[in-house]
Amino acid sequence: MSTPPANGSSSGGDDATKPINKAFSKVDLEGHNLPPSPAPSSPSNGHRRYALATELVYTESKDQYGASSIPIYQSATFKQTSASGGNEYDYTRSGNPTRTHLERHMAKIMNATRALAVGSGMGALDVITRLLRPGDEVITGDDLYGGTNRLLTYLSSNQGIVVHHVDTTEVERVREVVSDKTAMVLLETPTNPLIKIVDIPGIAKSVHDANPKALVIVDNTMLSPMLCNPLELGADIVYESGTKYLSGHHDIMAGIIACNDPAIGDKMYFTINSTGCGLSPNDAFLLMRGVKTLAIRMEKQQANAQMIAEFLETHGFRVRYPGLKSHPQYDLHWSMARGAGAVLSFETADVALSERIVEAAKLYGISVSFGCVNSLISMPCRMSHASIDAKTRKERQMPEDIIRLCVGIEDVNDLIDDLSRSLVQAGAVTITLDGFHAAGPAAQLGTAPASSDA
Ligand SMILES: Cc1ncc(COP(=O)(O)O)c(C=O)c1O
Ligand SMILES: N[C@@H](CCSC[C@H](N)C(=O)O)C(=O)O
């Protein structure tokens, strides 16, 4: 909602911790501080009642007409029953029943007591980082989504936040920089686009031991709650770009934040209400609809991704995908996740060759983003990660030629045929009587053992 706090006002003051007047008297039966929605989907109290695929589609309906899907409350204002106000909803920036329904559903799916829905994944990170104060320190990775890197750079240049970029694949590298000034440790796994794996439980324990006040934040966009639940691995806050797998059709922008500490939830709600970044009713409806098919989409997308990753690897390319046994952190990934996701990257060692491959593809749209039912192909250094300057990309060992595939739900044989044709047309392979194999420098990379820090 921006779900108003249980004992708090949606209107007042500049101190998020101050008790405020407007009370949401109907606190959820299970004690969650969420107002009712017309068709409440109950958040869990630390355990799910059914398998996740079931919970994704299951909602308890209390709609007056028995509507099977949540109505879109396309209203900015809500009339009050008395002059002193005090009804559950007054103004959509402060709270809207469609948004609340989605938030309750997401809290249940993510095993959280509080979920908040905002206008984009970056909006979610903005809300989270407003918990910081000047002088606070943030520790994060050296392979990060470009937009995340951009926001952190802004905070460090303009807001007095000290940001440390370290190799988060090594728990010890993170531990070395934790101090009493550390307010947040921000992790992505698998990283975008180098597909490095980060040990969430190891880092959470090490950070909390060293500084119990430091918050461990995980961006779970690459896996979705279907495949991983960082809150169960020791994270304090998890967020996702709902633009990706959660909605699944690339027709909305959205962000979801989940946590289990009510005080942190209230502070983030305060920011959402104050800044007006809560998800619109229409987009909340679309995200709710998308989430219901997450299990079936993810199952098909990652099965396709696995076959494409194996296809590329057996034809001599260096592929980064946690579903491949050759991934140097295969065991670590599978100790935390229920699947490998549907994003993989591969290298050609030649930027112009990569461009030709990308431009030859027909079924794969040349596009940023991932998690959509359609397959996509991109060159991260030119597209999604172009906001990281070339010097920093080089320092962080991001290969300029890297190609990212975000696999959709199409027929996998069509996807492999289209990729094969693109590789041949681009001149990326040597054709023999036995088939084809990566040509030139790409073949050298393919035979070199993949390392976690390359
Ligand atoms: C890993 C990751 N986190 C966060 C975001 C930000 O999400 P959004 O585009 O919805 O703001 C993106 C992509 O944009 C992403 O790839
Ligand atoms: N022009 C956008 C790029 C968005 S990238 C989206 C997605 N996270 C991805 O990794 O493809 C920007 O500047 O943010």
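So, here's what we can say about the structure. None of these values were measured; they are calculated from a predicted model.

Conventions we followed
Residues numbered from 1 in each chain as written. Chains lettered and ligands numbered in written order. Predicted model: local features only at pLDDT ≥ 70, side-chain atom pairs only at ≥ 80, totals over all residues. Heavy atoms only, no water. Helix = DSSP H or I, 4+ residues; strand = E, 2+ residues; numbered from the N terminus. Expected span 1.5 Å × (residues − 1). Buried < 20%, exposed > 50% of the residue type's maximum accessible area, 1.4 Å probe, protein only. Contact = heavy atoms within 4.5 Å. Polar contact = N/O pair within 3.5 Å; in protein donor to acceptor, adjacent residues only side chain to side chain. Pairing = 2+ DSSP bridges. Salt bridge = Lys/Arg side-chain N within 4 Å of Asp/Glu carboxyl O. Near = heavy atom within 4 Å. Axes fitted to C-alpha atoms, helices over the stretch in contact; angles between N-to-C directions. Phe/Tyr/Trp six-rings, centres within 6.5 Å; stacked < 30°, edge-to-face > 60°. Lys NZ or Arg CZ within 6 Å of the ring centre and 35° of its normal.

## Describing helix α8 (residues 262-275)
Here's step 1: Taking 1.5 Å per residue, 14 residues should reach 20 Å; α8 reaches 20 Å between its end C-alpha atoms and fits that length.
Here's step 2: For α8, the full list of buried residues reads I264, G265, M268, Y269, F270, T271, I272 and N273.
Here's step 3: Where α8 is buried, its residues meet β1 (114-118), α3 (121-129), β5 (215-219), β6 (237-241) and β7 (255-259).
Here's step 4: Measuring from the side-chain oxygen of the N-cap residue of α8 to the backbone nitrogen of A263 gives 2.8 Å; that N-cap residue is D261.
Here's step 5: One or two positions beyond α8, positive phi appears at G276, with a value near 80°.

## Considerations on the pairing of β1
Here's step 1: Where burial is concerned, most of β1 is hidden: 5 out of the 5 residues are buried.
Here's step 2: Judged by which residues are buried, β1 turns out to be covered on both faces: R114, L116 and V118 on one side and A115 and A117 on the other are all buried.
Here's step 3: The pairing of β1 with β7 spans 5 bridges and is classified as antiparallel. Paired with V118 across the two strands is G255, which belongs to β7.

## Observations regarding the pattern of salt bridges
Here's step 1: Using the criterion set out here, one finds 12 salt bridges in the structure.
Here's step 2: In this structure, K205 engages D209 in a salt bridge whose closest nitrogen and oxygen atoms are separated by 2.6 Å. Remark: D209 and K205 occur in helix α6 (residues 200-210); sequence separation between them is 4 residues, near one turn of the helix.
Here's step 3: Note that E347 is salt-bridged to R320, the shortest N-O span being 2.9 Å. Taken as a pair, E347 in strand β9 (residues 343-347) and R320 in strand β8 (residues 318-320) lie far apart in primary sequence, 27 residues in all.
Here's step 4: Judged by relative accessible area, R320 falls into the buried class, the value being 6%.
Here's step 5: Here the residues in one salt-bridge network are R318, R320 and E347, joined through shared partners.

## What about the side chain of N96?
Here's step 1: Along the polypeptide, N96 turns up in the loop between α1 (52-57) and α2 (97-109).
Here's step 2: Within the structure, N96 has its side chain in polar contact with the backbone oxygen of Y73 (distance 2.9 Å).
Here's step 3: Side-chain polar atoms of N96 contact the side chain of T92, separated by 2.9 Å.
Here's step 4: Among all residues touching N96, those that are not within four sequence positions of it are Y73, S75, F78, Y89 and P281.

## Quick look at the site of ligand 1
Here's step 1: If you check the shell around ligand 1, you find 13 residues, and the closest are M122, D219, S241, T243 and K244.
Here's step 2: One of the side-chain N or O atoms of D219 is found 2.6 Å from a nitrogen atom in ligand 1.
Here's step 3: Between an oxygen atom of ligand 1 and a side-chain N or O atom of T243, the distance comes to 2.6 Å.

## Here's the deal with unusual backbone geometry
Here's step 1: Following T189, the chain continues into P190 via a peptide bond in cis, with omega recorded as -15°.
Here's step 2: Residue position: P190 is located in the loop between β4 (182-188) and α6.
Here's step 3: Across the junction of N192 and P193, the peptide omega takes the value 15°, indicating a cis bond.
Here's step 4: Along the chain, the position of P193 falls in the loop between β4 and α6.
Here's step 5: Phi at H250 takes a positive value of approximately 50°, unusual for a residue other than glycine.
Here's step 6: The topology assignment puts H250 in the loop between β6 and β7.
Here's step 7: Residue H250 is classed as partly exposed on the basis of its relative accessible area of 29%.
Here's step 8: Positive phi, close to 65°, is recorded for A349, a residue that is not glycine.

## Notes on the sheet that holds strand β11 (residues 376-378)
Here's step 1: Ordered in space as β8-β9-β12-β11-β10, the 5 strands form an open sheet in which the pairing is mixed. Single-partner strands in this sheet number two, and they are β8 and β10 (365-366).
Here's step 2: Pairing of β9 with strand β12 (residues 403-406), which is carried by 4 bridges, proceeds in the antiparallel orientation. Bridging from a neighbouring strand, F346 pairs with I403 of β12.
Here's step 3: Against the sheet, helix α10 (residues 294-314) contacts β8, β9 and β12, and its axis sits at roughly 10° relative to β9.

## Quick look at the packing of aromatic side chains
Here's step 1: Counted under the stated rule, the structure contains 6 aromatic pairs.
Here's step 2: Ring plane angle 75° and centroid distance 5.7 Å describe the contact between F317 and F346, whose orientation is recorded as edge-to-face. Taken together, the positions of F317 in the loop between α10 and β8 and F346 in strand β9 put the pair 29 residues apart, joining distant regions of the chain. We note that F317, like F346, is buried.
Here's step 3: Stacked on the ring of F370, the Lys or Arg K244 has its end atom at 5.3 Å from the ring centre.

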